[in-house]
Amino acid sequence: MSPLGPSSGRRPDGAAFVIAAILAAAGTVLIAEGARIPARGGYAGVGPGDIPVLVGWGLVALALWHVVAGLRGGRGPGRVRQDAVAILWITGGLVLQNLLLWQAGFAIASGIVFAFTAAAFGRRNFAVSLPAGILLALLVYGIFDRLLKLNLPAGPLETLVFGG
Amino acid sequence: MNTFDFLLQGLAVALDPAILLYALIGVTIGTAVGVLPGIGPALTVALLLPVTYGLDPAGSLVMFAGIYYGGMYGGSTTSILLNTPGESASIVTAIEGNRMARAGRGGAALATAAIGSFVAGLLATLALAFLAPHIVKLALVFGPREYFALMVLAFVTVSAAFGDSAMKGLTSLFVGLALALIGIDGLTGQARLSYGVPQLLDGIEVTTLAVAMFAIGEALFVAANRVGADEKVHAIRGSVAMTAQDWARSWKPWLRGTAIGFPIGAMPAGGADIASFLSYGTERKLTRHPEEFGNGAIEGVAGPEAANNAAAAGTLVPLLTLGLPTTATAAIMLAGFQQFGLQPGPLLFATAPKLVWGLIASLLIANIMLLVLNLPLIRLWVKLLTIPRPWLYGGILLFATLGTIGVNPSRAELAMLMIFGVMGYLMRLHGYPIAPVVVGLILGPMAEQQLRRALAIAQGDWTTLVSTPLSAGLIGLAVLALAVPMLLRMRGRGAVLAQVAKDDD
Amino acid sequence: MMRHAIFGAALAALAAAPAWAADYTIVAPAAPGGGWDATARTMQEVLQAEGISGSVQVQNVPGAGGTIGLAQFVAGAAGDPTQLIVGGYVMVGAILTNASPVTLADVTPIARLTGEAVGIAVKADSPLQTIGDLVEAMRADPGAVSWAGGSAGGVDHITVGLLAKAAGIDPTKINYIAFSGGGEALAAILGGQVTAGISGVGEFLPQVQAGTMRMLAVSTDVRWPGTDAPTLMESGYDVNVQNWRMVAAAPGLTPEQQAAVAADIERMAGSAGWKAALATRGWADTYLAGEAFAAQLAREIEATTAILKDVGLVQ
């Protein structure tokens, strides 16, 4: 992936420190987990706890590298402004799908994902996008569940259209 | 009768019009299902296998071969056009292929993938017919220490090749390695990093991570940058066909990809994904256009696509000669064979030559069908990009969740899909490459397990890792691949390498 | 849109015909393609073809050696006589090693349907000729005898542990190397990477018939068809293991409901269609139901718990 924006001078890069903190935290978790696991290397000498410790230290080293790179700066926040509403639409659609899937069935839940994603891209006319998404999902349900026997959660709509 | 007679006889059976029709149907539905984002070849074959049950053995074998190759090939289409690989072997295709598509060269990328898959499929199927007994001997020489050496080589070639910042590439790789540790340790049954959550015991599913990071992450990124972004996706610029230069730059990668893919596919612990990683690394090292890598180099599509198809044929070597199903797809194929009362194993070539040669002939026919079907379809596929984005991405997300809902239906798995999607978006936002995460998730556990197996067999003696010429040679190659660019850089040579390194040091 | 609607209606017409209320839903606690899935789908075919049940659905709930499916089944199906779950010996070990909160005591076991012996084999050119040779080599230097087999804590691992214990060798000293999937273990044996291999007999038989491997012993109390390898018991080691698959019903059924399910399964297991399906798939008929199965299950859970503690997989 190429740089997202032009370099904006030599000032410390805040994002690098946040990322460094996350990496260091993840590394610490791995090292702690590795230490918790009883040493059962057996004949190999290398047991289930050793690799987590190794990867954990790798993450800590990368965190330090980020700190150094962040102090040097250079790759500042020159990126394009992000549309947070679009992110919320898509993640909201996925959360709703997860919540509704086993009650409302595959078609309605996945229709919501479709319509909410379309909304993230600017189509907020749910009177069109929701039925379109549900219809597409019903078609997918028909092909995959009924013809190909992939078990998809059925709700009232599936039962109505395809029978129990 | 010798091998050649058997093959001709098989082809004669397969050239029957009805059989050709079955091949066409198989290839069509295989491609159609395989092309959906989030649905890879293993699931495609598993879903469509029952379709073949009603036919006679010859018909079902050929339809099955069509589904297998069709599903294998279908994954590359969405990788290239939409940056959403359906399975791990198409991940590297997405790197260069999607860049090409963004520059309006999606047609050429799809064509080199299709023709490369055809060339590789053809050569590898012939190799399967004539060399299977020899290749399998080679594959059996690979024990845990050799596999470990191969993993080290794969790590080096792949990680050296990703992204334009060593720090960010390594960070992505280590995130993948860390995620790979979640779940039950394969050698001792010890649960790691699962904190009593049963859904975590089986670890992070590769397809879940790949689909989330690529498909959902990409959708989030595109949606969030819609405002003010003037980057237009060009459905097509110039011809959909390959130019003379494309051909000149593609044929060697096809052959190299085949040469890498077939033997690695034949290894019991190899696989199409590793073959595609190694092919990508090789092409990047050998190219005359290093500046194009990362920006849409055709070699980076031609090589890996040939490699993963050759590996798909290679998978059949241990299956047919030893009865070893070495991939999920092969395990499902084994079930398919058993439907005809056929038990793949060391005696199969001797006890059921007609069916074996029928299958090999079917694979050849299916391979040709695939090309016949797909070259004209390229024009149609690139039209995908002209679908208005709200509908296109709505559809992508619907299919991306379908794979998870169908195979691993749980709230936890769907939640993971969303979390990794957001993670993929954040990584894109800060310029971290996505592919190394998935590479780390795939290679990490393999490398760890093979290392510990090798050490257990040698009772803790580390010199075992370089105790055979093969393992020592592979490790040596990995060291060279790592050291040579460093030396070149230290001596100030190679403008490209300097450019690669400029971000951090 | 219109075309979609018409297609949808056509699909609906196509699908609606055979679909009435499902008589049984069989949970396969594994991904499509594996042994439990195959068992569930074979049951589905036979139950429908023999007219025992009008409609049978298979539901895959994969994960953690079947314990995720088991937990979901116990929570969701309690008291529902139309719900069945397929399981097997692997589950017994997985419940223990994963410290699963739900166990086989929480379901209503109906019958053991099929099973397979575990085979112990070496590469054809190995100097070890009998199971006795192998055990003596292990007694001399347990670390030098490496075993290739399936997942840690699985039936293969348990069998090696039981064999060591029966031979008076410390089970924690065995050098067991777990491979994922039978294919990889088999390749390690054929490639001469390990001393011996242990896996389902069916996996070794084609190799034995081709002369590339030698079967030293089988784990069941009787010899297994297709090989003349002795049982471990007749070789002097008190080990009897069968890797079986079973079907169980939901918890909380009335005795009448339980009897009705058991009768349906008995009809299925006795049908010509089931025998034919077993023959096609190469599965042995080890049908065992009722009290006899319940007692056998209890004995195996006890023995497995003991051996997993001995090899250090369960605290």
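Residues numbered from 1 in each chain as written. Chains lettered and ligands numbered in written order. Predicted model: local features only at pLDDT ≥ 70, side-chain atom pairs only at ≥ 80, totals over all residues. Heavy atoms only, no water.

**Digging into the overall build of chain A**
Okay, step 1: Counting secondary structure elements, chain A contains 6 helices and 0 strands.
Okay, step 2: Helices and strands in chain A line up, N terminus first, as α-α-α-α-α-α.
Okay, step 3: A total of 164 residues make up chain A; the buried ones form 48% of that total.
Okay, step 4: Here the contacts in chain A between residues at least 6 apart in sequence split such that 60% fall between residues at least 24 apart. (Helix = DSSP H or I, 4+ residues; strand = E, 2+ residues; numbered from the N terminus. Buried < 20%, exposed > 50% of the residue type's maximum accessible area, 1.4 Å probe, protein only. Contact = heavy atoms within 4.5 Å.)

**As for the nonpolar core**
Okay, step 1: Ranked by internal contacts, the top residues of the largest apolar core, which has 222 residues, are Phe106 and Phe144 of chain A together with Leu81, Leu128, Leu179, Leu209 and Leu402 of chain B.
Okay, step 2: Take this core: its biggest share by element is 19 residues, from helix H6 (residues 106–141) of chain B.
Okay, step 3: Leave out the neighbours within four places in its chain, and Phe106 of chain A touches Leu101, Gly111, Ala137, Val140, Tyr141, Leu152, Pro153 and Glu158 of chain A together with Leu398, Leu402 and Ile405 of chain B.
Okay, step 4: Counting 88 residues, the second-largest nonpolar core is a separate cluster that includes Val46, Ile85, Val86 and Ile198 of chain C. (Core = buried A, V, L, I, M, F, W, Y, C linked by side-chain atoms within 4.5 Å.)

**Things to note about the pairing of strand S4 (residues 108–123) of chain C**
Residue and element names in this part refer to chain C.
Okay, step 1: Burial of S4 is extensive: 13 of the 16 residues sit out of reach of the surface.
Okay, step 2: In this sheet, strand S9 (residues 242–249) lies alongside S4 in antiparallel orientation, the contact comprising 8 bridges. Bridge pairing in S9 links Arg112 to Met246.
Okay, step 3: The pairing of S4 with strand S10 (residues 284–289) spans 4 bridges and is classified as antiparallel. Counted as the bridge partner of Arg112 is Leu288 from S10.
Okay, step 4: Pairing of S4 with strand S7 (residues 196–200) involves 4 bridges; the strand directions are antiparallel. Across the sheet, residue Val118 finds its bridge partner in S7, namely Gly200.
Okay, step 5: Strand direction decides the pairing type here: S4 and strand S8 (residues 213–218), joined by 5 bridges, are antiparallel. (Pairing = 2+ DSSP bridges.)

**A short note on the side chain of Glu33 of chain A**
Okay, step 1: When you line up the elements, Glu33 of chain A lands in helix H1 (residues 14–36).
Okay, step 2: We classify Glu33 of chain A as buried; its relative accessible area is 5%.
Okay, step 3: A distance of 2.6 Å separates a polar atom in the side chain of Glu33 of chain A from the backbone nitrogen of Leu193 of chain B.
Okay, step 4: With sequence-adjacent residues up to four places away left out, Glu33 of chain A is seen in contact with Ala191, Arg192, Leu193 and Tyr195 of chain B. (Polar contact = N/O pair within 3.5 Å; in protein donor to acceptor, adjacent residues only side chain to side chain.)

**Describing the interface of chain A and chain B**
Okay, step 1: Contacts between the two partners involve 68 residues from chain A and, on the opposite side, 73 residues from chain B.
Okay, step 2: Summing the contributions of chain A and of chain B, the shared interface buries around 6300 Å²; its carbon and sulfur component is 72%.
Okay, step 3: If you look at where chain A meets chain B, you find 0 salt bridges.
Okay, step 4: Our count for the contact surface shared by chain A and chain B stands at 10 residue pairs in polar contact (both at pLDDT 80 or more).
Okay, step 5: Elements with a contribution of two residues or more to the side of chain A that touches chain B: H1, helix H2 (50–72), helix H3 (84–104), helix H4 (106–120) and helix H5 (126–147) of chain A. (Buried area = accessible area lost by both parts, 1.4 Å probe. Salt bridge = Lys/Arg side-chain N within 4 Å of Asp/Glu carboxyl O.)

**Concerning the packing of helix H9 (residues 206–224) of chain B against helix H17 (residues 389–407) of chain B**
All names here are of chain B.
Okay, step 1: Remark: H9 packs on H17, axes separated minimally by 10 Å, with the N-to-C direction vectors making an angle of 160°. The orientation of H9 with respect to H17, classified from their angle, is roughly antiparallel. As for the relative orientation of H9 and H17, their crossing is left-handed in sense. Contacts between H9 and H17 involve Thr208, Val211, Ala215, Ile216, Glu218, Ala219 and Val222 from the first element and Arg389, Tyr393, Ile396, Leu397, Ala400 and Thr404 from the second.
Okay, step 2: The class makeup of the residues in the contact of H9 with H17 is 9 nonpolar, 2 polar and 2 charged. (Axes fitted to C-alpha atoms, helices over the stretch in contact; angles between N-to-C directions. Parallel < 35°, antiparallel > 145°, perpendicular 65-115°, else oblique. Left-handed = near helix turned anticlockwise from the far one by under 90°. Nonpolar A, V, L, I, M, F, W, Y, C, P; charged D, E, K, R; others polar.)

**Focus: helix H8 (residues 166–180) of chain B**
Okay, step 1: The terminal C-alpha atoms of H8 of chain B lie 21 Å apart, and with 15 residues this matches the ideal 21 Å at 1.5 Å per residue to within 8%.
Okay, step 2: Taking burial as the measure, the 15 residues of H8 of chain B include 13 buried ones, the bulk of the element. (Expected span 1.5 Å × (residues − 1).)

**Some details on helix H4 (residues 89–97) of chain C**
Okay, step 1: Listing the buried residues of H4 of chain C in full gives Tyr89, Met91, Val92, Gly93, Ala94 and Ile95 of chain C.
Okay, step 2: In the stretch just after H4 of chain C, Ala99 of chain C is the one whose phi turns positive, near 50°.

**Some thoughts on the packing of aromatic side chains**
Okay, step 1: Scanning all chains against the criterion turns up 13 aromatic pairs over all chains.
Okay, step 2: Pairing Trp247 of chain B with Trp254 of chain B gives two aromatic rings, centres 5.6 Å apart and planes at 85°, and the pair type is edge-to-face.
Okay, step 3: The class of Trp247 of chain B is partly exposed, set by a relative accessible area of 39%.
Okay, step 4: A relative accessible area of 4% means that Trp254 of chain B is categorised as buried.
Okay, step 5: Residue placement shows Lys168 of chain B over the ring face of Tyr432 of chain B; its charged tip is 5.1 Å from the ring centre.
Okay, step 6: In this arrangement the basic side chain of Arg453 of chain B is found over the ring face of Phe179 of chain C, its NZ or CZ atom lying 4.3 Å from the centre. (Phe/Tyr/Trp six-rings, centres within 6.5 Å; stacked < 30°, edge-to-face > 60°. Lys NZ or Arg CZ within 6 Å of the ring centre and 35° of its normal.)

**Thoughts on a nonpolar patch on the surface**
Residues and elements named next belong to chain B.
Okay, step 1: A cluster of nonpolar side chains, contributed by Phe4, Leu8, Leu126, Phe130 and Leu131, occupies part of the molecular surface with about 430 Å² of accessible area.
Okay, step 2: Broken down by secondary-structure element, the contributors of at least two residues to the nonpolar patch are helix H1 (3–14) and H6.
Okay, step 3: Here the nonpolar patch takes 3 residues from H6, the largest share from any one element.
Okay, step 4: Topologically, Phe130 is positioned in helix H6. (Patch = residues over 30% accessible without salt bridge, like charges linked within 9 Å, V, L, I, M, F, W, Y side chains within 5 Å. Areas by Shrake-Rupley, 256 points an atom, 1.4 Å probe, with all protein chains shown as cover.)

**Quick look at the pattern of salt bridges**
All names here are of chain B.
Okay, step 1: Applying the stated criterion to the full structure yields 18 salt bridges over all chains.
Okay, step 2: Two residues, Glu283 and Arg256, come together in a salt bridge whose shortest N-O distance is 2.9 Å. In this pair, Glu283 is assigned in helix H11 (residues 272–286) and Arg256 in helix H10 (residues 244–266), connecting sequence segments 27 residues apart.
Okay, step 3: Among the residues examined, Glu283 registers a relative accessible area of 1% and is labelled buried.
Okay, step 4: Here the residues in one salt-bridge network are Asp185, Arg192, Glu448 and Arg452, joined through shared partners.

**Quick look at the confidence of the model for chain B**
Residue and element names in this part refer to chain B.
Okay, step 1: With 83% of its residues at a pLDDT of at least 70, chain B reaches an overall mean of 80.
Okay, step 2: At the low end of the mean pLDDT range in chain B sits helix H21 (residues 495–501), at 46; at the high end sits helix H18 (residues 411–429), at 92.
Okay, step 3: Within the model, the stretch residues 493–505 combines pLDDT values under 50 with 16 contacts to residues more than four positions away or in other chains. (pLDDT = per-residue confidence, 0-100.)

**Let's talk about the packing of helix H2 (residues 17–34) of chain B against helix H16 (residues 353–383) of chain B**
Residues and elements named next belong to chain B.
Okay, step 1: It is at 9 Å that the axes of H2 and H16 come closest, and there the two elements cross at 50°. On the basis of their axis angle, the class for H2 and H16 is oblique. Crossing of H2 against H16: the hand is right-handed. Contact residues: H2 offers Leu20, Ala23, Leu24, Val27, Thr28 and Thr31, while H16 offers Ile365, Ala366, Met369, Leu370, Leu373, Asn374 and Trp381.
Okay, step 2: Here the contact of H2 with H16 is built from residues that sort into 10 nonpolar, 3 polar and no charged.

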